[in-house]
Amino acid sequence: MRELVFALEYEPGCNKVADTLATHPARIRSLSLHATTERLWRVDHATGTPDALTDIEDAFLTADYYADCLATEDCGATQSTEVLDHTDDTLVLYSYWERTPTCSSVPHIAREHLGDGLLFDTRHESRHYTWRIIHSGNGDVATFFAELDDAVGDCAHMEMLRTADTSVSTHGADDEASELSPEQEAALRAAVEHGYYQSPRAIDVGELAEHLDVPRSTLTYRLRRAEEHLAKQHVSRERIADGPSTPV
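Just so it is clear, the model here is predicted, and its values are computed rather than measured.

Trainee: Looking at this model, I keep getting lost on the packing of aromatic side chains. Mind explaining?
Mentor: Centre-to-centre distance and the angle between the planes together describe a pair of aromatic rings. Scanning all chains against the criterion turns up six aromatic pairs. Put simply, the rings of Phe 6, Phe 144 and Phe 145 pair up and form one aromatic cluster. The ring of Tyr 196 carries the charged tip of Arg 201 above its face, separated from the ring centre by 4.0 Å.

So, in structure tokens, the structure goes:
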């Protein structure tokens with residue numbers, strides 16, 4: 001089996017859910033996602049402040065077309081969303097979508113080029129929509145990305161994070177790659193070289209983003225993911241060094 005991980009960074013106005021998340025410190029994770037040739041259904045788990053969850057629910061329920069549809073305008077698809085649970089800090093949503101010939105989505109393009117039996121995991125933070133796809137490895141990844149790039153057009157920037165052999169039984173949804181992506185490593189290296197981590201900082205994130213010629217939100221996302229990866233690696237090494245406790 002192969003693991004394919006990439007991110008879409010939506011431009012303002014292109015995706016109502018991304019626009020909503022860009023204004024709130026919130027996260028949406030897929031609990032389940034399935035697609036056939038003509039349909040898609042999924043369950044998503046959102047966490048955040050009460051105001052964030054209210055706005056996320058509104059975005060799902062009132063969007064002109066299904067949030068995963070890559071069409072740039074209403075494509076006439078039939079979609080519905082139901083709220084399964086809504087508390088002060090948790091929102092669970094079920095969405096069902098029947099596509100039309102003009103509709104497209106990441107899962108449907110993946111099925112066409114990577115084959116059946118795919119497993120999907122998604123994470124949506126701010127304007128960054130990260131996809132993790134487990135596939136057989138027999139499909140055409142290059143053609144998949146070419147068609148996906150055409151489908152998103154100017155609405156989103158696509159960034160490859162990793163592709164590697166994987167074992168579904170040993171990888172959880174929160175597992176990180178054994179190495180940083182090239183973009184994350186470049187962002188982290190530039191941050192160190194330009195004094196972003198000095199105290200006081202020699203450069204702020206906006207200035208660093210301008211120097212690297214990337215959007216501020218993109219740089220912030222890459223640094224946050226790199227920092228999370230390194231922190232988890234550090235804690236993991238500490239656990240290994242400590243070793244298991246020996247009963248007395």
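Trainee: Would you mind showing me how to read unusual backbone geometry here?
Mentor: Among all residues except glycine, the phi angle is most often negative; among peptide bonds, the trans geometry is most common. With omega at 0 degrees, the peptide bond leading from Ser 199 into Pro 200 counts as cis. Within the element layout of this structure, Pro 200 appears in the loop between helix H5 (182–193) and helix H6 (205–212). With a phi close to 50 degrees, Ser 126 is a non-glycine residue in the positive phi region. Structurally, the position occupied by Ser 126 is in the loop between strand E6 (119–125) and strand E7 (128–135). Using a relative accessible area of 22% as the deciding quantity, one classes Ser 126 as partly exposed. Phi angles above zero are rare outside glycine, and Asp 213 is one such case at about 60 degrees. Looking at where Asp 213 falls in the secondary structure, it is placed in the loop between H6 and helix H7 (216–242).

Trainee: Even after reading the chapter, I still don't get the environment of Leu 188, so can you show me in this structure?
Mentor: Within the element layout of this structure, Leu 188 appears in helix H5. For the pair Leu 188 and Arg 224, spaced 36 residues apart in the sequence, the C-alpha separation amounts to 9.5 Å. The residues contacting Leu 188, other than those within four sequence positions of it, are Leu 180, Tyr 197, Leu 223, Ala 226 and Leu 230.

Trainee: What am I meant to see in the side chain of Thr 218 here?
Mentor: Locating Thr 218 in the fold gives a position in helix H7. At a separation of 2.2 Å, a polar atom in the side chain of Thr 218 contacts the side chain of Glu 9. With residues near it in sequence (within four places) discarded, Thr 218 still touches Glu 9, His 128 and Glu 159.

Trainee: Just to check I follow, could you spell out the nonpolar core for this structure?
Mentor: As a rule of thumb, soluble globular proteins bury nonpolar side chains together. With 29 residues, the main nonpolar core has Phe 6, Leu 8, Val 106, Trp 131, Ile 133, Phe 144 and Leu 148 as its most contacted residues. Elements represented by at least two residues in this core include exactly strand E1 (2–10), strand E2 (27–35), helix H3 (106–114), E7, helix H4 (141–152) and strand E8 (156–165). If you look at the next biggest cluster of nonpolar residues, it comprises 13 residues, including Tyr 196, Val 205, Leu 219 and Ala 226.

Trainee: Please clarify how the pattern of salt bridges should be interpreted in this entry.
Mentor: Should their charged atoms come close, side chains of opposite charge can pair. Here the structure, examined in full by the defined rule, presents 14 salt bridges. Among the salt bridges present, the one from Asp 165 reaches Arg 2, with a minimum N-O distance of 3.0 Å. Residue Asp 165 is found in strand E8, and its partner Arg 2 is found in strand E1; the two are separated by 163 residues along the sequence. Owing to a relative accessible area of 26%, Arg 2 belongs among the partly exposed residues under this scheme. For Arg 132, the salt bridge is made with Glu 3, and the minimal N-O distance between the two is 2.5 Å. On the criterion of sequence distance, the pair formed by Arg 132 in strand E7 and Glu 3 in strand E1 is long-range, its members being 129 residues apart. For Glu 3, a relative accessible area of 4% corresponds to the buried category. When salt bridges with common partners are traced through the structure, they connect Glu 3, Arg 132 and Arg 162 into a single cluster.

Reading the values: rules and limits
Residues numbered from 1 in each chain as written. Predicted model: local features only at pLDDT ≥ 70, side-chain atom pairs only at ≥ 80, totals over all residues. Heavy atoms only, no water. Phe/Tyr/Trp six-rings, centres within 6.5 Å; stacked < 30°, edge-to-face > 60°. Lys NZ or Arg CZ within 6 Å of the ring centre and 35° of its normal. Helix = DSSP H or I, 4+ residues; strand = E, 2+ residues; numbered from the N terminus. Buried < 20%, exposed > 50% of the residue type's maximum accessible area, 1.4 Å probe, protein only. Contact = heavy atoms within 4.5 Å. Polar contact = N/O pair within 3.5 Å; in protein donor to acceptor, adjacent residues only side chain to side chain. Core = buried A, V, L, I, M, F, W, Y, C linked by side-chain atoms within 4.5 Å. Salt bridge = Lys/Arg side-chain N within 4 Å of Asp/Glu carboxyl O.

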